[in-house]
Amino acid sequence: MSETIGTAIAVVGIDIGKNSFHAVGLNDRGAIVLRQKWSRSQIGTRLANLPPCLIGMEACVGAHHLSRKLKALGHDARLMPAKYVRPYSKGQKNDFRDAEAIAEAVQRPTMKFVATKTIDQLDLQALHRVRERLVSQRTGIANQIRAFLLERGIAVRQGLRFLRAELPRILAAPSDVVSPRMIRLIEDLAGDWHRLDARINGLSDEIEGIARRDINCERLMSVPGIGPIISSAMVAAIGNGEAFAKGRDFAAWLGLVPRQISTGDRTILGKISKRGNRYLRVLFVQAAWVVLVQPKSWQRYGLKPWIEAAKTRLHRNVLAVALANKLARIAWSVLACGRSFESNTAAAQSV
């Protein structure tokens, strides 16, 4: 790479791979002046020799680490969702064309960017992802045990706590319906279940400890229905919330707003879009159900007039999603403004 070409580069698009990176550089007029393939060990040296410029990448595995590294070199590194880059790709797909599309997309003034996560955020996010996987495995084991018992005419009420309470009695009671082989198999599955319980509890305690020590998580836990798990997951996902201009943008990113299919001056709203962070969206819906099943807390949090008015026109499942939307907007406001939730009816209804 010559110095003349290097000084002419204004924008660089990088297509990230496991071992190789394809880079396309554009000058001030948008012409391609750089088109190279670099190894993972080369990319730091190559970009360190460039003058500070705008660098675009898709938000994928390894992108946050590289973004922090490039910002330390003085570059303006920005991450974008892959689905927003795709419309700028021209012709057949290959890595260089992907890098060119990234270089063009990063210059758009209306492009939506992903905030670069810190190491602490990535660590906290990893804890949540491992815990989510273990919870899913535990649910699968419980469902398998329930199915084996149901095939032999033993029905257990739905819910982990009911199966956990009934299982010792079922295994201890002599029965001609359940064979010794099946009892042994279910006991092994129950052992796996207990081991998963121990790992999940350990991760939950670690997450709760982190949340109790973090000021942003402490503020979020003042919002009704939000505890250590939701607050820490939100901080891990969006940091201080600066990537969103307002609470409505955050709720839309979570997929808690109606999907809009409007044309010809007709506004058509469907079901919720379910876009963005699915894990966080599910947690906020669970938080909404926690609030709804505790009517005595509505007045204390200033939510009673809103919930009672919404109950008259919405199905309870729709009400839960609507309340999740409201809680998400309140949570973003608490995070962005740096202050705890105030249980004031007027303040709560204005968010």
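Preceding this section is the structure that the text describes.
Residues numbered from 1 in each chain as written. Predicted model: local features only at pLDDT ≥ 70, side-chain atom pairs only at ≥ 80, totals over all residues. Heavy atoms only, no water.

Asker: Just checking my understanding: could you explain the overall build of the protein chain for this structure?
Answerer: Across its full length, the protein chain carries 16 helices and 7 strands. Over its C-alpha trace the protein chain gives a radius of gyration of 26 Å, far above what one expects of a compact globule, namely 20 Å for 351 residues. The C-alpha extent of the protein chain, read off along each of the three principal axes, is 85 × 55 × 50 Å. Of all 351 residues assigned to the protein chain, the portion counted as buried reaches 40%. Looking at the protein chain as shown, the accessible area adds up to about 19,700 Å², and 51% of this sits on carbon and sulfur atoms. Each charge class in the protein chain was averaged separately, 53 positive and 29 negative side chains, and the resulting centres sit 6 Å apart. (Helix = DSSP H or I, 4+ residues; strand = E, 2+ residues; numbered from the N terminus. Rg over C-alpha atoms; globule rule 2.2 N^0.38 Å. Buried < 20%, exposed > 50% of the residue type's maximum accessible area, 1.4 Å probe, protein only. Areas by Shrake-Rupley, 256 points an atom, 1.4 Å probe, with all protein chains shown as cover. Lys, Arg positive; Asp, Glu negative; His and termini not counted. Charge placed at Lys NZ, Arg CZ, Asp CG, Glu CD.)

Asker: Honestly, the pattern of salt bridges in this entry has me stumped. Any pointers?
Answerer: Any two side chains of opposite charge can pair, on the condition that their charged atoms come close. Counted by the stated rule, this structure contains 11 salt bridges. Notably, a salt bridge pairs Asp76 with Arg78, separated by 2.9 Å at the nearest N-O pair. By relative accessible area, Arg78 is classed as partly exposed at 30%. Between Arg339 and Glu342 there is a salt bridge, with its nearest N and O atoms 2.0 Å apart. Looking at Glu342, the relative accessible area reads 40%, which means it is partly exposed. Sharing partners across several salt bridges, the network here consists of Lys90, Glu100 and Glu104. (Salt bridge = Lys/Arg side-chain N within 4 Å of Asp/Glu carboxyl O.)

Asker: What is the right way to look at the pairing of strand E3 (residues 32-39) in this model?
Answerer: Within a regular strand, side chains alternate between the sheet's two faces. Two elements, strand E2 (residues 20-26) and E3, share 7 bridges in a ladder whose sense is antiparallel. Directly across from Val24, in E3, lies its bridge partner Arg35. Between E2 and the antiparallel strand that follows it, E3, lie 5 residues; Gly30 among them carries a positive phi value of about 90 degrees. (Pairing = 2+ DSSP bridges.)

Asker: Would you take a moment to explain the sheet that holds strand E5 (residues 76-80) for this structure?
Answerer: Spatially, E3-E2-E1-E4-E5 is the arrangement adopted by the 5 strands of the open sheet, whose pairing is mixed. Either end of the sheet is taken by a strand with one partner, and the two such strands are E3 and E5. Averaged over neighbouring strand pairs, the angle between their axes works out to 20 degrees when direction is ignored. Pairing geometry for strand E1 (residues 11-16) and strand E4 (residues 54-58), over 4 bridges, is parallel. Pairing of Ile14 across the sheet is with Met57, part of E4. Lying on the sheet, helix H5 (residues 95-105) is in contact with E1, E2, E3, E4 and E5; it crosses E2 at an angle near 50 degrees. (Axes fitted to C-alpha atoms, helices over the stretch in contact; angles between N-to-C directions. Contact = heavy atoms within 4.5 Å.)

Asker: So what exactly am I meant to see when it comes to unusual backbone geometry here?
Answerer: Note on backbone geometry: most residues besides glycine have negative phi, and most peptide bonds are trans. A positive phi angle, near 55 degrees, is found at Lys274, a position not held by glycine. On the basis of relative accessibility, which here comes to 58%, the residue Lys274 falls in the exposed class.

Asker: So what exactly am I meant to see when it comes to the pairing of E2 here?
Answerer: Of all 7 residues in E2, 6 are buried, a share of seventy percent or more. As paired elements, E1 and E2 share 6 bridges and run antiparallel to each other. Within the sheet, the bridge partner assigned to Val12 lies in E2 and is Gly25. Linking two consecutive strands that pair antiparallel, namely E1 and E2, is a turn of 3 residues.

Asker: Whenever I open this one, the nonpolar core confuses me. Can you help?
Answerer: One recurring pattern in soluble globular proteins is that nonpolar side chains are buried together. In terms of nonpolar packing, the biggest core is built from 67 residues, with Ile145, Met234, Phe250, Leu280 and Phe284 touching the most fellow members. It is helix H15 (residues 316-337) that contributes the most residues to this core, 12 residues altogether. Ignoring any residue separated from it by four or fewer positions in sequence, one finds Phe250 in contact with Met234, Ile238, Phe244, Leu280, Phe284, Ala328 and Trp332. Counting residues in each nonpolar core, the second largest holds 19 residues, with Ile14, Ile16, Ile55 and Leu70 among its members. (Core = buried A, V, L, I, M, F, W, Y, C linked by side-chain atoms within 4.5 Å.)

Asker: Please clarify how the packing of helix H7 (residues 160-172) against helix H8 (residues 180-213) should be interpreted in this entry.
Answerer: If you want to describe how two helices pack, look at the angle between their axes and the distance between the axes. Running from N to C, H7 and H8 cross one another at 140 degrees; their axes reach a closest spacing of 12 Å. Of the possible angle classes, the one that applies to H7 and H8 is oblique. Between H7 and H8 lies a crossing of left-handed hand. Residues Leu160, Leu163, Arg164, Leu167 and Leu171 of H7 touch H8, and the partners they reach there are Ile183, Ile186, Glu187, Ala190, Trp193 and Asp197. (Parallel < 35°, antiparallel > 145°, perpendicular 65-115°, else oblique. Left-handed = near helix turned anticlockwise from the far one by under 90°.)

Asker: Is there a simple way to think about the environment of Asn277 in this case?
Answerer: For Asn277, the position within the fold is in the loop between strand E7 (269-272) and helix H12 (278-292). Given a relative accessible area of 23%, Asn277 falls into the partly exposed group. Expressed as a C-alpha distance, the spacing of Asn277 and Gly191, which sit 86 residues apart in the sequence, is 33 Å. In contact with Asn277, other than residues within four places in its own chain, are Ala237, Trp253 and Leu254. At a separation of 3.2 Å, a polar atom in the side chain of Asn277 contacts the main-chain amide nitrogen of Tyr279. Among the polar contacts listed, one links the side chain of Asn277 to the backbone nitrogen of Leu280, at a separation of 3.0 Å. (Polar contact = N/O pair within 3.5 Å; in protein donor to acceptor, adjacent residues only side chain to side chain.)

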